[in-house]
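Remarks on the overall topology
In case you want the letters, here they are:
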Amino acid sequence: MSLGFAEYPVLADDRSQLMRCADMALYEVKMRGKNGCMAYREGERIKSRAKLGFAVKDIIDNMPGAFIVYRADKENDEILLANNELLRLTGCKNMDELLAYTGKSFCNLIRPDEQESCQKSIWSQINGGHSNDYIFFHMKKADGTYISVLDHDRIVDSVHNGRVFYVMIMDLKSLQRHYGDCLELVEK
């Protein structure tokens, strides 16, 4: 469990300010690896984030594309985070539903007959010295159907989670519908 809290009226003059302070403390706990409790304190890190005027969760949940983060481990590729657009694309109502139907594994989002070749392609690109990779595959939705997607990954070293993939996933039909002419030019 992660918990952030703030003291009224010492650090806040009204309910809205109190909630923002508690929210910033909560995100600080999550940035440090979750499962903790922290009081809001006026520190440089929190101040700089407050100056931006939005929370990291707001950015992730409102990205104009599907985004997921998973552990970069060939045997245990545990899903750590997914945004609202990825939930919508997979037909899931919430993160718990996504984790239940995938067994917490990113690999289980990939059509079974494509899993091995996708994994091979990802690791070949990464082991070839690239921090980014691109793959096409059919993604399994919660209702058991599949959609064609483009996956653009970046591998990063996370202080709290080791090596992880940050992944943008785009529905190919949507891309073709909106950018068909541009995609045809790229293919030529």
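Thresholds applied
Residues numbered from 1 in each chain as written. Predicted model: local features only at pLDDT ≥ 70, side-chain atom pairs only at ≥ 80, totals over all residues. Heavy atoms only, no water. 1 Å grid on protein atoms, 1.4 Å probe; cavity = no way out; pocket = protein on both sides within 12 Å on 5 of 7 lines; lining within 4 Å. Points joined across faces, edges and corners; volume = space filled by probe spheres on them. Helix = DSSP H or I, 4+ residues; strand = E, 2+ residues; numbered from the N terminus. Nonpolar A, V, L, I, M, F, W, Y, C, P; charged D, E, K, R; others polar. Expected span 1.5 Å × (residues − 1). Contact = heavy atoms within 4.5 Å. Pairing = 2+ DSSP bridges. Axes fitted to C-alpha atoms, helices over the stretch in contact; angles between N-to-C directions. Buried < 20%, exposed > 50% of the residue type's maximum accessible area, 1.4 Å probe, protein only. pLDDT = per-residue confidence, 0-100. Phe/Tyr/Trp six-rings, centres within 6.5 Å; stacked < 30°, edge-to-face > 60°. Salt bridge = Lys/Arg side-chain N within 4 Å of Asp/Glu carboxyl O. Core = buried A, V, L, I, M, F, W, Y, C linked by side-chain atoms within 4.5 Å.

**Some points on the layout of surface pockets**
The calculated volume of the largest pocket comes to roughly 1200 Å³. Around the largest pocket, the lining is made up of 34 residues, and of these K30, K34, I60, L80 and L81 lie nearest the centre. Of all the elements in the fold, those that place two or more residues in the lining of the largest pocket are α1 (15-31), α3 (56-61), β3 (66-71), β4 (79-82), α4 (84-90), α5 (95-102) and β7 (162-171). Here the lining of the largest pocket is composed, by residue class, of 16 nonpolar, 9 polar and 9 charged.

**A short note on helix α6 (residues 112-127)**
Here α6 contains 16 residues, and its C-alpha end-to-end distance of 23 Å stays within 8% of the 22 Å for a straight helix at 1.5 Å per residue. Buried positions along α6 lie against β3, β5 (132-140), β6 (146-158) and β7. A positive phi of about 95° marks G129, the residue just after α6.

**Focus on the sheet that holds β5**
Ordered by their spatial adjacency, 5 strands build an open sheet running β4-β3-β7-β6-β5, and the pairing between neighbours is antiparallel. The sheet terminates laterally at β4 and β5, the two strands that pair on one side only. Within the sheet, the average angular offset between the axes of one strand and its neighbour, ignoring direction, is 25°. Where β3 lies against β7, 6 bridges are found, and the strand directions are antiparallel. Within β7, the residue paired with R71 across the bridge is V164. Set on the sheet, α5 makes contact with β4 and β5; between it and β4 the angle comes to about 140°. The strands touched by α6 are β3, β5, β6 and β7; relative to β5, the strand with the most contacts, the crossing angle is about 170°.

**Focus on α5**
Taken as a whole, α5 has its buried residues at L98, L99, Y101 and T102. In this structure, the buried side of α5 is in contact with β4, α4 and β5. Positive backbone phi, approximately 65°, marks G103, located one or two places after α5.

**As for the confidence of the model for the protein chain**
Chain-level statistics for the protein chain give a pLDDT mean of 82 and a share of 86% at 70 or above. Note that pLDDT drops below 50 for residues 44-51; the model gives that stretch 14 contacts with residues more than four away or on any other chain.

**Description of the packing of aromatic side chains**
The final tally for this structure, using the stated rule, is 5 aromatic pairs. Relative to F106, the ring of Y70 lies with its centre 4.2 Å away and its plane at 5°, an arrangement referred to as stacked. With a gap of 36 residues between them, Y70 in strand β3 and F106 in the loop between α5 and α6 connect regions that are remote in the sequence. One exposure class covers both Y70 and F106, and it is buried. A centroid spacing of 5.1 Å and a plane angle of 35° characterise the contact between Y70 and F165, whose relative ring orientation is tilted. Residue Y70 is found in strand β3, and its partner F165 is found in strand β7; the two are separated by 95 residues along the sequence. The residues Y70 and F165 share a single accessibility class, namely buried. One aromatic cluster is present, built from ring pairs that chain together Y70, F106, W123, F137 and F165.

**Some points on the pattern of salt bridges**
Throughout the structure, instances matching the rule amount to 5 salt bridges. Here R71 and E78 are joined by a salt bridge, their closest N and O atoms 2.9 Å apart. Linking R111 and D113 is a salt bridge whose minimum nitrogen-to-oxygen distance equals 2.7 Å. Linked through salt bridges whose partners overlap, the residues forming this network are R111, D113 and E114.

**Considerations on the nonpolar core**
If you look at the biggest cluster of nonpolar residues, it comprises 29 residues, and the most contacted ones within it are I68, L98, F106, F137, M139, F165 and I169. If you list the elements that add at least two residues to this core, you get β3, β4, α4, α5, α6, β5, β6 and β7. It is α6 that provides the largest number of residues to this core, a total of 4 residues. Dropping the residues within four chain positions of it, F137 is found in contact with F106, L109, I110, E114, C118, I147, S148, V149 and D151. Counting residues in each nonpolar core, the second largest holds 8 residues, with A6, A12, L18 and Y40 among its members.

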